[in-house]
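Geometric and topological summary
Each chain, letter by letter, is given below.
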Amino acid sequence: MAMSGLEIFKLLPKTNCKECGHPTCLAFAMALAQKKVSLDDCPYASDEAREQLAAAAAPPMQTVTFGTGDAACQVGGETVLFRHEEKFHRPTVLAVTVPDDLDEAALKERCETIQGFAFERIGQPMPIEAMAVTNPSGDAARFAGAAEAAGAAGKAVILVTEDPDAAKAALEKVGDSRPLLCCATTETAEAMGAAAAEASCPVVARAPDPETLADLTEQLKEAGCAEIVLHLDAPDPWSELTGLSRIRNLALRQSFRPLGYPVLAFADDGEPDTQAVRASTLICKYAGIVVVETVEPWALLPILTTRQNLYTDPQKPVQVEPKVHAVGDPDASSPLMFTTNFSLTYYTVEGDVEASRVPSWILCVDTEGTSVLTAYSGDKLSAESVAKAMQDADVDSCVNHKKLIIPGYVAVMSGKLEEKSGWEILVGPRESSQIPRYLKEVWKA
Ligand code: SF4
């Protein structure tokens, strides 16, 4: 929690020597509280003052990285309890289990299945970022082998074992790719903490309640672990949910450092639909990493959709890439129309064009994610900006007819746009739902 000017003042020498450029220590403390100056400007600040101020300035929740390169995952670093207060920063990482008791062929197939998922929604990829290698065999060598297979699949790896020997064996194989070691308990904190510290990997602290978790993270810090993730091993879903809410509250509202870490949760029990519900709930409250067992696309999709919706910035409309998009398999004689890059507008238009079964080109004009009428009335959509978008997107190379269909709501710009672009402007329907009729009855006529 940030310190007040008076709290900072108590840590200063109070000699009013003015060397910091301020008339008194109190004036300097007030400026420091407002982040207008640095403590380094006072040459007489004690080590104790420096330590306390650095601790107070640290973010309330640590950001933890596991995996490397393109597979690197960042979790934590959150600042608010509710999305509408600001936004959530780092989307929950979804991990799928890879059990080490699979035979070689099945292990390979499972890794390939997880690796091959490529979901996309409203133009945004929805990846499965990690594989959680589990240790049902109880055998250290098998666990290390499975970890190696998962590591080769190009995803971040979570090593799920309670056995320090299995953890060490796996770290020897995949330690360079910075896996997340899961989990250290009160009983194994020393061995797991040492293994994680030696490999410079983050470690998960697992305990049945927030109080024990808080003690455990302090133990792991003393063992040299720099990055920690929490796992609340609660007896039932309700206890888990209330416990996770309490942890988040203590970390962010009370700045309780021993619980200021992201959370990993398991939703890998039961049928795929149960896992989907559980994982979605955990994403809402407040898991930074969720582990599931299912590889059913119909169960994974709602989990990923929940994540995508929760982690959009409420102050920033979701936008589509401004360019010419092909719908169906259009050619040089196909219709070309424009709409804005507000995702809701664009995908409504795209859906209606698709429904018409007339292959078409859609020029998506950058209006900073606003709809047609909002953009027009806010000066973000004009004959000039559309003509420029046509030029930037090189629409001449798409079609051979020089006809542009514009939304009926901005019919007023048709004359000027014709002048600016040199194209024939056709005024399309006001409502997107009328596009199929327009394309069939007017365009094709
Ligand atoms: Fe006070 Fe330090 Fe500024 Fe001197 S330099 S007035 S001791 S804050």
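Per chain, residues are indexed from 1 in the order of the written sequence. Predicted model: local features are reported for residues with pLDDT of at least 70 only, side-chain atom pairs are reported and counted for 80 or more only, and whole-chain, interface and lining totals are derived from all residues. Side-chain descriptors were evaluated using all non-hydrogen atoms of the structure, hydrogens and water having been removed beforehand.

Our next topic: the overall build of the protein chain. Secondary structure is summarised from DSSP: a helix means a run of H or I of at least four residues, a strand means a run of E of at least two, and numbering begins at the N terminus for each. Counting its regular elements, the protein chain contains 16 helices and 17 strands. The globule rule used for comparison is 2.2 Å times the number of residues to the exponent 0.38, while the radius of gyration itself is calculated over C-alpha atoms. Rg of the C-alpha trace for the protein chain: 28 Å, well past the compact-globule value of 22 Å for 445 residues, more than 25% over. Dimensions of the protein chain, computed from the C-alpha atoms along their principal axes, are close to 80 × 75 × 40 Å. The 445 residues of the protein chain split such that 49% are buried. Surface exposure here means Shrake-Rupley accessible area, sampled with a 1.4 Å probe, where a residue is shielded only by the protein chains that are shown. With an accessible surface of roughly 21000 Å², the protein chain has 51% of that area assigned to carbon and sulfur atoms. When charges are counted, Lys and Arg contribute as positive and Asp and Glu as negative, whereas His and the chain ends are disregarded. Charged groups are reduced to one reference atom each: NZ for lysine, CZ for arginine, CG for aspartic acid, CD for glutamic acid. Positive and negative side-chain charges of the protein chain, numbering 39 and 63 respectively, have mean locations separated by a distance of 8 Å. Note on classification: 1.4 Å probe, protein chains only; a residue is buried when its accessible area is under 20% of the maximum for its type, exposed when over 50%, partly exposed between these limits.

Here we come to the site of the ligand. The environment of the ligand is formed by Pro13, Thr15, Asn16, Cys17, Lys18, Cys20, Cys25, Phe28, Cys42 and Pro43. Cavity and pocket criteria rest on a 1 Å grid covering protein atoms alone: a 1.4 Å probe that fits but cannot get out defines a cavity, protein on both sides within 12 Å along at least 5 of 7 lines defines an open pocket, and an atom within 4 Å of a point defines a lining residue. By definition, a pocket or cavity contains a molecule when more than half of the molecule's atoms lie within 2 Å of the pocket's grid points. The pocket occupied by the ligand, as judged from atoms lying within 2 Å of grid points, is the second largest cavity. Residue polarity follows a fixed list, in which Ala, Val, Leu, Ile, Met, Phe, Trp, Tyr, Cys and Pro are nonpolar, Asp, Glu, Lys and Arg are charged, and the others, Gly among them, are polar. Among the residues forming the shell around the ligand, the class breakdown is seven nonpolar, two polar and one charged. Being near a molecule or strand, for a residue, comes down to having at least one heavy atom within 4 Å of it.

All right, on to the sheet that holds strand E10 (residues 228-232) then. Two strands pair if DSSP finds at least two bridges between them. Read across the sheet, eight strands follow the order E10-E9-E8-E7-E6-E3-E12-E11 without closing on themselves; strand pairing throughout is parallel. The strands lining the two open edges of the sheet, one partner per strand, are E10 and strand E11 (264-266). Here the strands of the sheet are splayed against their neighbours by 25 degrees on average, with no regard to which way each runs. Pairing of E11 with strand E12 (residues 289-292), which is carried by three bridges, proceeds in the parallel orientation. Bridge assignment links Phe266 to a residue of E12, and that residue is Val291. Two residues form a contact once any of their heavy atoms are found within 4.5 Å. Axis definition: a line fitted to C-alpha atoms, over the contacting stretch in the case of helices. Angles run 0 to 180 degrees between N-to-C directions. Its contacts with the sheet place helix H10 (residues 272-284) against E11 and E12, and it is angled at close to 175 degrees to E12.

A few words on the environment of Gln219. As for its placement among the helices and strands, Gln219 is situated in helix H8 (residues 210-222). Its relative accessible area of 36% is what places Gln219 among the partly exposed residues. Put simply, Gln219 and Ala355 are 136 residues apart on the chain and 60 Å apart in space, counted from C-alpha to C-alpha. Leaving out residues up to four positions away in the same chain, Gln219 has contacts with Thr186 and Ala189.

What makes a salt bridge here is a side-chain nitrogen of Lys or Arg within 4 Å of a carboxyl oxygen of Asp or Glu, nothing more. Using the criterion set out here, one finds 15 salt bridges in the structure. Ionic pairing is found between Arg50 and Asp40, a salt bridge with its closest N-O pair at 3.2 Å. Taken together, the residues Arg50 in helix H3 (residues 47-57) and Asp40 in the loop between helix H2 (25-33) and H3 connect sequence positions ten residues apart. Assessed through its relative accessible area of 28%, Arg50 is described here as partly exposed. Its relative accessible area of 60% is what places Asp40 among the exposed residues. In this structure, Arg278 and Glu240 form a salt bridge, with 2.6 Å as the shortest nitrogen-oxygen distance. Taken together, the residues Arg278 in helix H10 and Glu240 in helix H9 (residues 237-252) connect sequence positions 38 residues apart. Overall, the relative accessible area of 26% leaves Arg278 in the partly exposed class.

This next bit is on the pairing of strand E14 (residues 336-340). The element E14 is largely enclosed, with a buried count of five among its five residues. Across five bridges, E14 lies against strand E15 (residues 360-365) in parallel orientation. Its bridge partner being in E15, Thr340 is matched across the sheet by Val365. A clockwise path from the first strand over the helix to the second, with the strands pointing away from the viewer, defines a right-handed crossover. Between E14 and its parallel partner E15, the chain crosses via helix H12 (residues 343-356), and the hand of that crossover is right-handed.

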